[in-house]
Amino acid sequence: TMDGFDGQALEFLQRRAALESFQLEREESRLRDRYARNSWRQSALLARRLVEAGSTFVTLTYGGWDHHDNIKRANGLQMPNFDKAYATLIRDLDERGLLDSTLVVVNTEFGRTPKINATGGRDHWPKVFSIALAGGGMKRGYVHGSSDATGGEPDNDPLNVEDYAATIFNQIGIDPAKTLMTPGGRPQAIVKDGHVVKELLA
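Residues numbered from 1 in each chain as written. Predicted model: local features only at pLDDT ≥ 70, side-chain atom pairs only at ≥ 80, totals over all residues. Heavy atoms only, no water.

Structural notes on the environment of S29
And then number 1: Tracing the backbone through its elements, the reader meets S29 in helix 3 (residues 29-35).
And then number 2: Classification of S29 as partly exposed rests on a relative accessible area of 43%.
And then number 3: Residues S29 and G136, 107 residues apart in the sequence, show an inter-C-alpha distance of 28 Å. (Helix = DSSP H or I, 4+ residues; strand = E, 2+ residues; numbered from the N terminus. Buried < 20%, exposed > 50% of the residue type's maximum accessible area, 1.4 Å probe, protein only.)

This is how it looks when you write it as structure tokens:
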């Protein structure tokens, strides 16, 4: 038998509403067109349908951003597709009254160098990167923190990883200061030295 998170996921997927959420053809044709009919944008629509059916976590991956060369062309191909799906998802959740109870997180693994390299790309740069948070009790239209003029260093109110994690855990109902026991019997905080950033919250 399965228990814990795996068991909950299996139980959810066995429910009729969850199974029906995968049937995108049941969605209003006009809304499917608003998302646009390609795999990424229809995945965003599926995410909304899964949330509506009661899923507590949905993960979408839109990969392939490691542009060490010709970043202008690569972003020109990828950004519009991502942007339209993200904007449509936020609007759709909001129109259905689901946005306030659904935290939508756009996360990256790190930033890119402030300067373009010799092959027209940007290399790895861990000091500055952006994330986007919508719904789930976050302030609307709020920008937190800034970088210097070149995007090379944090300048104003940087959000470190620990505080970011603590804020996300807090918003999904998990106490980030809670201590769990490792299999070896050592206590480990869910987030070490992290604080909820109240300025992000509505």
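Points about the pattern of salt bridges
It is possible for side chains of opposite charge to pair when their charged atoms get near one another.
And then number 1: Enumeration over the complete set of coordinates arrives at 15 salt bridges.
And then number 2: Among the ionic pairs, R48 bridges to E27, the shortest N-O distance being 3.1 Å. Within this pair, whereas R48 is found in helix 4 (residues 39-52), its partner E27 is found in the loop between helix 2 (16-21) and helix 3, the two being separated by 21 residues in sequence. Per residue, the accessibility class of R48 equals that of E27, and both read buried.
And then number 3: Salt-bridge contacts for R48 lead to E52; the nearest nitrogen and oxygen are separated by 2.7 Å. With R48 and E52 both in helix 4 and four residues apart, this pair spans about one turn of that helix.
And then number 4: Overall, the relative accessible area of 1% leaves R48 in the buried class.
And then number 5: Accessibility expressed as a relative area gives 40% for E52, which makes it partly exposed. (Salt bridge = Lys/Arg side-chain N within 4 Å of Asp/Glu carboxyl O.)

A word on the packing of helix 4 against helix 5 (residues 71-95)
And then number 1: Running from amino to carboxyl end, helix 4 crosses helix 5 at an angle of 20°, the nearest separation of the two axes being 9 Å. Classified by the interaxial angle, the pair formed by helix 4 and helix 5 is roughly parallel. When you trace helix 4 past helix 5, the crossing you get is right-handed. Residue-level inspection shows W40, R41, A44, L45, R48 and V51 of helix 4 in contact with helix 5, the latter providing P80, N81, F82, K84, A85, L89, D92 and L93. (Axes fitted to C-alpha atoms, helices over the stretch in contact; angles between N-to-C directions. Parallel < 35°, antiparallel > 145°, perpendicular 65-115°, else oblique. Left-handed = near helix turned anticlockwise from the far one by under 90°. Contact = heavy atoms within 4.5 Å.)

Here we look at the packing of aromatic side chains
And then number 1: For the structure shown, the criterion picks out five aromatic pairs.
And then number 2: Between Y62 and W65, the aromatic rings sit 5.7 Å apart at their centres with planes inclined by 65°, giving edge-to-face as the arrangement.
And then number 3: Residue class for Y62 comes out buried when judged on its relative accessible area of 18%.
And then number 4: Given a relative accessible area of 28%, W65 falls into the partly exposed group.
And then number 5: Among the aromatic side chains, those forming a connected cluster through ring pairs are W40, Y62, W65, F82 and Y86.
And then number 6: Cation over ring: K139 sits above Y142, and NZ or CZ is 4.6 Å from the ring centre. (Phe/Tyr/Trp six-rings, centres within 6.5 Å; stacked < 30°, edge-to-face > 60°. Lys NZ or Arg CZ within 6 Å of the ring centre and 35° of its normal.)

Nothing here speaks to function; it is geometry throughout.
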